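Listed here are the chains, written in short residue letters.
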Amino acid sequence: MSEWKYFQIRDVADVFDGPHATPTKTSSGPWFLSISSLIDGRLDLRESAHLSDDDFFKWTRRVTPQEGDVLFSYETRLGAAALMPRGVRACLGRRMAILRPRAGVDPQFLLYAFLGSEFQETIRRNAVHGATVERIPLNELPAWPIRLPGLAVQRAAARVLGVLDEKASLNIQIAETALQLMDATFASIIGSSATGSTTTFAELSHQGVLEFGDGYRTKRPELGKPGLPILRVAEVQDGRVTPSLIDHVSDSRRGAMGNKVSRVGDVVLTTKGTVGRVSIIPADAPEFVYSPQLCFFRLADPSPFSRYFMFAWFRGEEFRRQARGMKSQTDMADYLSLSDIKSLTITVPDREVERSLSRKLAVLHERVESAYREARSLKALRNVLLPELTSGELRVEEVEGESIIDGAEISVA
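Residues numbered from 1 in each chain as written. Predicted model: local features only at pLDDT ≥ 70, side-chain atom pairs only at ≥ 80, totals over all residues. Heavy atoms only, no water.

**A few points about the overall build of the chain**
- Along the backbone of the chain there are 11 helices and 26 strands.
- Since a compact globule built from 413 residues should have a radius of gyration of about 22 Å, the 23 Å found for the chain is in line with a globular shape.
- In terms of its C-alpha atoms, the chain occupies a principal-axis envelope of roughly 70 × 50 × 50 Å.
- Expressed as a percentage of its 413 residues, the buried residues of the chain come to 49%.
- Taking as baseline every contact in the chain between residues at least 6 positions apart, the subset at least 24 positions apart corresponds to 75%.
- When the accessible surface of the chain is split by element, carbon and sulfur atoms take 50% of a total near 19,600 Å².
- Counting 52 positive and 53 negative side-chain charges, the chain places the centres of these two groups 4 Å from one another. (Helix = DSSP H or I, 4+ residues; strand = E, 2+ residues; numbered from the N terminus. Rg over C-alpha atoms; globule rule 2.2 N^0.38 Å. Buried < 20%, exposed > 50% of the residue type's maximum accessible area, 1.4 Å probe, protein only. Contact = heavy atoms within 4.5 Å. Areas by Shrake-Rupley, 256 points an atom, 1.4 Å probe, with all protein chains shown as cover. Lys, Arg positive; Asp, Glu negative; His and termini not counted. Charge placed at Lys NZ, Arg CZ, Asp CG, Glu CD.)

Quick look at the structure:
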């Protein structure tokens, strides 16, 4: 049956949430999933922590995530979701819940329907605006409407969108491999370089060769369009930015933002929560205003090293060693202050060594960026098709012979 019908969430899925607390983190063991792991429709476990087996049994008394569950955030990152993969032993983190599909519902299509513009608008319209964060009221969610076709159409549409996601994921894997090569190249050359000079970020700033700072502290009345989108800490991943473009600071505040507006080539570091993710703002990125949990670094011309050297340095052991001793000095979430950044010591090799290394790093980084560019293009195509295929405006029909995407033909309804 191909007719599209409105259902209540309770008709198509069961809703579960987890404990409203955080266990002690461990270096290994089952995963304690984080809403930061819900990235553009996929689960990135690098943004989650581990917990002990004893805590795992406590944290799964209510529910244990299983393959095919739609994981979603019900606070803070509203609208973020991902599919629970096979073979992952994990419990729900704070502010995370599950839609467990019922019989007759394709899990991947349910994820895409959740991410589609129609249901995202339902979230926006029905979210509760609390004093500090917005949230999905889980006691009301089962009555919310969602539009689905028959199972055969669900599977066909999910297949088309899934091909695009799989190709994007392959490009992400290529980019991650190139990042590992960058790390190895940097460590090999810096480790074998016997000479170099040591300086601090404060000294580099004083010399006028490096500008850095944190983000803009936006007040709620300053939000609005037209304006600059806010780049938040969860949207800076290793080697890339994944902007949501949801929250904007009004253009009327442009003058107050000062140098906290992004520029192509800025090196951006996460300084709160998950400290140490780093990226370079690519040429095709829109302008952002940085959030306070980010720190930007802007090199002058000439400078003692390139942006590629700085990017690799932040991923290297000299920075990691110093950050480990700074970020846990507070009882709150891990955090690096601007004072901490100023005190960082960086070893810069001789100029010829740095130039040779930077050339190698630039080539590898271009491979990283080109792979991420293609992944972004595929995701953009998926996002164009997503609302059409999850609303019934476009139909997917299985056909014999040649087709548009891997055996599926897209036709206007």
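**Let's talk about the sheet that holds strand β2 (residues 13-17)**
- Taken in spatial order, the 4 strands line up as β2-β10-β7-β8 in an open sheet, and their pairing is antiparallel. Edge positions in the sheet fall to β2 and β8 (81-83), since each has one partner strand and no second. Shown here is a sheet whose adjacent strand axes are inclined to one another by a mean of 25 degrees, direction ignored.
- Summarising the sheet, strand β7 (residues 70-73) and β8 pair through 3 bridges and their orientation is antiparallel. The residue of β8 that forms the bridge with F72 is A81.
- Helix α3 (residues 107-115) contacts β2, β7, β8 and β10 (96-101) of the sheet and is inclined by roughly 170 degrees relative to β8. (Pairing = 2+ DSSP bridges. Axes fitted to C-alpha atoms, helices over the stretch in contact; angles between N-to-C directions.)

**Some details on the pattern of salt bridges**
- Enumeration according to the criterion identifies 29 salt bridges in this entry.
- Of the charged contacts in the structure, one is a salt bridge between R254 and E287, with a shortest N-O distance of 3.0 Å. Of this pair, R254 sits in helix α7 (residues 254-257) while E287 sits in the loop between β21 (278-280) and β22 (289-290), and the two are 33 residues apart along the sequence.
- Relative accessible area serves as the criterion here: at 35%, R254 is assigned to the partly exposed category. (Salt bridge = Lys/Arg side-chain N within 4 Å of Asp/Glu carboxyl O.)

**Brief notes about the nonpolar core**
- In terms of nonpolar packing, the biggest core is built from 81 residues, with F72, F201, F297 and F314 touching the most fellow members.
- When residues of this core are assigned to their parent elements, the largest contribution, 14 residues, is made by helix α5 (residues 151-192).
- Residue contacts for F297: discarding those within four places in its chain leaves F201, L210, E211, F212, D266, V267, L269, M310, F314 and I341.
- In terms of nonpolar packing, the next biggest core, distinct from the first, is built from 15 residues, I35, L43, A82 and L92 among them. (Core = buried A, V, L, I, M, F, W, Y, C linked by side-chain atoms within 4.5 Å.)

**As for the side chain of D165**
- Among the secondary structure elements, D165 is positioned in helix α5.
- Once you skip the residues sitting within four places of it in the chain, D165 turns out to touch Y112, K379 and R382.

**A look at unusual backbone geometry**
- K225 connects to P226 through a cis peptide bond whose omega is 0 degrees.
- In this fold, P226 is placed in the loop between β15 (210-214) and β16 (227-231).
- Residue P302 is reached from D301 by a cis peptide bond, and omega for that bond is 5 degrees.
- Mapping P302 onto the fold places it in the loop between β23 (294-299) and α8 (307-314).
- Here the phi dihedral of D40 falls at roughly 50 degrees; this positive angle occurs in a residue that is not glycine.
- A positive phi angle is found at T76, which is not glycine, with a value near 70 degrees.
- On the secondary structure map, T76 appears in the loop between β7 and β8.

**Observations regarding the sheet that holds strand β3 (residues 26-32)**
- Here we have 3 strands laid out as an open sheet, ordered β6-β3-β9, and mixed in their pairing. Each having just a single partner strand, β6 (49-50) and β9 (90-91) make up the two edges of the open sheet.
- Bridge analysis of β3 against β6 gives 3 bridges, and the strand direction is antiparallel. Its bridge partner lying in β6, T26 is registered against H50.

**Here's the deal with the pairing of β10**
- Counting buried positions along β10 yields 6 of 6 residues, so the element is predominantly enclosed.
- Here β10 shows two buried faces, one formed by M96, I98 and R100 and the other by A97, L99 and P101.
- In terms of strand pairing, β2 meets β10 through 5 bridges, oriented antiparallel. Along β10, the bridge assignment pairs D14 with R100.
- Relative to β10, β7 is paired through 4 bridges, and the arrangement is antiparallel. When the sheet's bridge partners are listed, F72 is paired in β10 with A97.

**Thoughts on the environment of I230**
- With respect to the helices and strands, I230 occurs in strand β16.
- Through-space distance from the C-alpha of I230 to that of S188 is 37 Å; in sequence the pair is 42 residues apart.
- Every residue in contact with I230, bar those within four places of it in the chain, is listed here: T218, L223, E235, D247, V249, V289 and S291.

**Details of the packing of aromatic side chains**
- A complete count under the given rule lists 17 aromatic pairs for this structure.
- Here the aromatic rings of F72 and F114 are separated by 5.4 Å at their centres, their planes lie at 40 degrees, and the arrangement is tilted. Here the residue F72 occupies a position in strand β7, and F114 occupies one in helix α3, the gap between them amounting to 42 residues.
- Centre to centre, the rings of F201 and F212 are 6.3 Å apart; their planes meet at 70 degrees, and the pair counts as edge-to-face. (Phe/Tyr/Trp six-rings, centres within 6.5 Å; stacked < 30°, edge-to-face > 60°.)

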